[in-house]
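# Tertiary structure, described
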Amino acid sequence: MSNTQSLYHLIRDCLSKRAPREALVLHSQIRRQGECVVLSVVPLLIKACASLSMFNHGKALHAESVKSGSDSDVVVATSVLGMYAKRGDIVDARKVFDFMPQRNVVSWNAMISGYLAGNDTLSALSLFESMPERSAVTWNEMIRGFTKIGDMAMAKALFDEVPHEMRTVVTWTVMVDGYASNGDMKAAREVFEEMPERNYFVWSLGMWDVGKEVHLSICEKGITPNQYVLNGLVDMYAKCGDLATARSIFEGMPQINGVCWNSIISGFAIHGKCREAVDLFRQMEHAGVKPNEITFLSVLSACAHGGLVQEGLDIFSKMHKYGVTAGIKHYGCIIDLLGRAGRLKEAFDLVKSLPMRPNATIWGSLLGACRLHSEATLAEEAMDDICHTGSSSDSYYSLLSNIYAAQERWEKAEETRMSMLDKGLEKIPGSSSCTLNGGNYSL
Ligand SMILES: *[C@@H]1O[C@H](CO)[C@@H](O)[C@H](O)[C@H]1NC(C)=O
Ligand SMILES: *[C@@H]1O[C@H](CO)[C@@H](O)[C@H](O)[C@H]1NC(C)=O
């Protein structure tokens, strides 16, 4: 690879790591060597200039691309357009737009955003009308533009026209926020209540800010959300670990269905509040709501992580009563639970009596527990079983070898390592670790 080529890789690398300044420094090094600019890097460099507000540098790059003829490239031209629009230089942006031999949806969106940033909804609308194809971003930007200048009638008209597949949680939120910030709380509530249930479930960590903002704004304005909205909020707060808020919404709910119980129990379970998860499970039973396999999995994994052996076994025995079939993951929790508590014999017996073939996770969990409790005899027995099923792997040998090592039985440890190499399983013990039901065992 030539020197210049490797510099270009470095530039790309800088930009992907959001280090635009470093990218520009590298670029000037290339220029000093008298090399010309590789087309695909130009838009990135121009974006870097725009993000750093280094408009003169950006203009120089633009001039260079005109000289080399690469300004006719759609991506290069769009990045130039975007740079001008960003600095509010809408006339130059439009010049670039008009001279583009071809445009894509991103070019149109950039031009429209430029107009909307300056509150010129009329010019934005005229471009919008003549667009050959629109994206979800186009619609969201247009609606936001009209809400910003307080033209909610136009915003609503556009909102109603948004094609079904482009109406995302962002679109809904733009509308709700638009009404709210223009003081029309009644309309904000109506749109909020109409928002389909599924949208709430995309409020995972990434949408946390949006969700919280919408929630705060409905609280402030005294809107009473419906059941779906409440379920969504509980789920969102529980997933994000804001358990106090999740719980306070949950407790204020007039009706709680199974889905919502599952959200709150798994929230507490995932975030290590094991006893609370078990208590909630009991409240669920008490309320007469039937737990399903998801409920059991959450609460059993809470028991395993919290070392709540008796609770876990009690709950596990209830699965039958509720007509829920235990799957390999439920068994995995119990094996983990027994294993961690040092009840290795029971764990092993359970593995042997499984109605399904134990997979690597189950065996790993058992051997991990043997390692934890330095229990070599049982581990050897388990290894025999594993070898018989023909599913031996390097990790098992590593675990066994480590169990011997922990007991200072060096010869056995070495022997195990050798037989691992013999079988062509070449991983070097100590070089890796595996996650077994949430526990981390070094191999
Ligand atoms: C656009 O309009 C909003 C609302 O009237 C105003 O706050 C904002 O400053 C305006 N922006 C520009 C660039 O004129
Ligand atoms: C074992 O089965 C469980 C449940 O299907 C699964 O989650 C896990 O990934 C499996 N483990 C391996 C190593 O395949």
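Residues numbered from 1 in each chain as written. Chains lettered and ligands numbered in written order. Predicted model: local features only at pLDDT ≥ 70, side-chain atom pairs only at ≥ 80, totals over all residues. Heavy atoms only, no water.

As named in an unreviewed UniProt entry, the protein is Chlororespiratory reduction 4, taken from Carnegiea gigantea.

### Concerning the overall build of the protein
As a reminder, the rule being used: Each helix is a run of DSSP H or I of at least 4 residues and each strand a run of E of at least 2, with the numbering of both proceeding from the N terminus. Exposure is judged per residue with a 1.4 Å probe applied to protein chains only, and the accessible area is read against the type maximum: over 50% gives exposed, under 20% gives buried, and values in between give partly exposed. Contacts are residue-level and defined by heavy atoms, with any inter-residue pair within 4.5 Å sufficient. The protein chains shown are the only cover counted for residues, whose accessible areas, like all others here, come from Shrake-Rupley with a 1.4 Å probe.
For the protein, the count of helices and strands is 26 helices and two strands. The burial tally for the protein puts 46% of its 443 residues in the buried class. If you take every contact in the protein between residues at least 6 apart in sequence, the share linking residues at least 24 apart comes to 57%. Approximately 21700 Å² of the protein is accessible, and the part contributed by carbon and sulfur atoms is 53%.

### Observations concerning the site of ligand 1
Note the threshold: Near, as used in this document, describes a residue that has one of its heavy atoms within 4 Å of the molecule or strand being considered.
A117, N119 and K148 make up every residue found near ligand 1. Surface burial for ligand 1 is 33%, taken as the share of its 360 Å² of free accessible area covered by protein chains.

### Thoughts on the pattern of salt bridges
Applied cut-off: Salt bridge, as used here: a side-chain nitrogen of Lys or Arg that lies within 4 Å of a carboxyl oxygen of Asp or Glu.
Within this structure, the stated rule accounts for 13 salt bridges. Taking the shortest distance from any N to any O, the salt bridge between K345 and D349 comes out at 3.0 Å. Of this pair, K345 and D349 both sit in helix α22 (residues 344-352), separated by four residues, roughly a single helical turn. Since its relative accessible area comes to 54%, K345 is described here as exposed. For the salt bridge of K412 with E415, the shortest nitrogen-to-oxygen distance reads 4.0 Å. One end of the pair, K412, and the other, E415, are both in helix α26 (residues 410-422), three residues apart, so they sit about a helical turn from each other. Judged by relative accessible area, K412 falls into the partly exposed class, the value being 30%.

### Digging into the state of the cysteines
Formally: Disulfide: a pair of cysteine sulfur atoms within 2.5 Å of each other.
Counted by the stated rule, this structure contains zero disulfides. Free of any disulfide, C303 has its nearest cysteine sulfur in C274, 7.8 Å distant. The buried category is assigned to C303, whose relative accessible area is 0%.

### Some points on the packing of helix α9 (residues 136-148) against helix α10 (residues 152-161)
Our working definition: Between N-to-C directions, angles span 0 to 180 degrees; the directions come from axes that are lines fitted to C-alpha atoms, helices contributing only their stretch in contact. Any angle between 65 and 115 degrees counts as roughly perpendicular, while under 35 counts as roughly parallel, over 145 as roughly antiparallel, and the rest as oblique. Take the far helix as the reference: if the near one is turned anticlockwise from it by less than a right angle, the crossing is left-handed, and if turned clockwise, right-handed. Throughout, the ten residues Ala, Val, Leu, Ile, Met, Phe, Trp, Tyr, Cys and Pro are labelled nonpolar, Asp, Glu, Lys and Arg are labelled charged, and all others, Gly among them, are labelled polar.
Between α9 and α10, whose axes approach to 7 Å, the crossing angle comes to 160 degrees. With respect to their mutual orientation, α9 and α10 come out roughly antiparallel. Of the two possible hands of crossing, α9 and α10 adopt the one that is left-handed. Taking contact as the criterion, the partners of W139, M142, I143, F146 and T147 in α9 are, on α10, M152, M154, A155, L158, F159 and E161. In terms of residue class, the contact of α9 with α10 is built from nine nonpolar, one polar and one charged.

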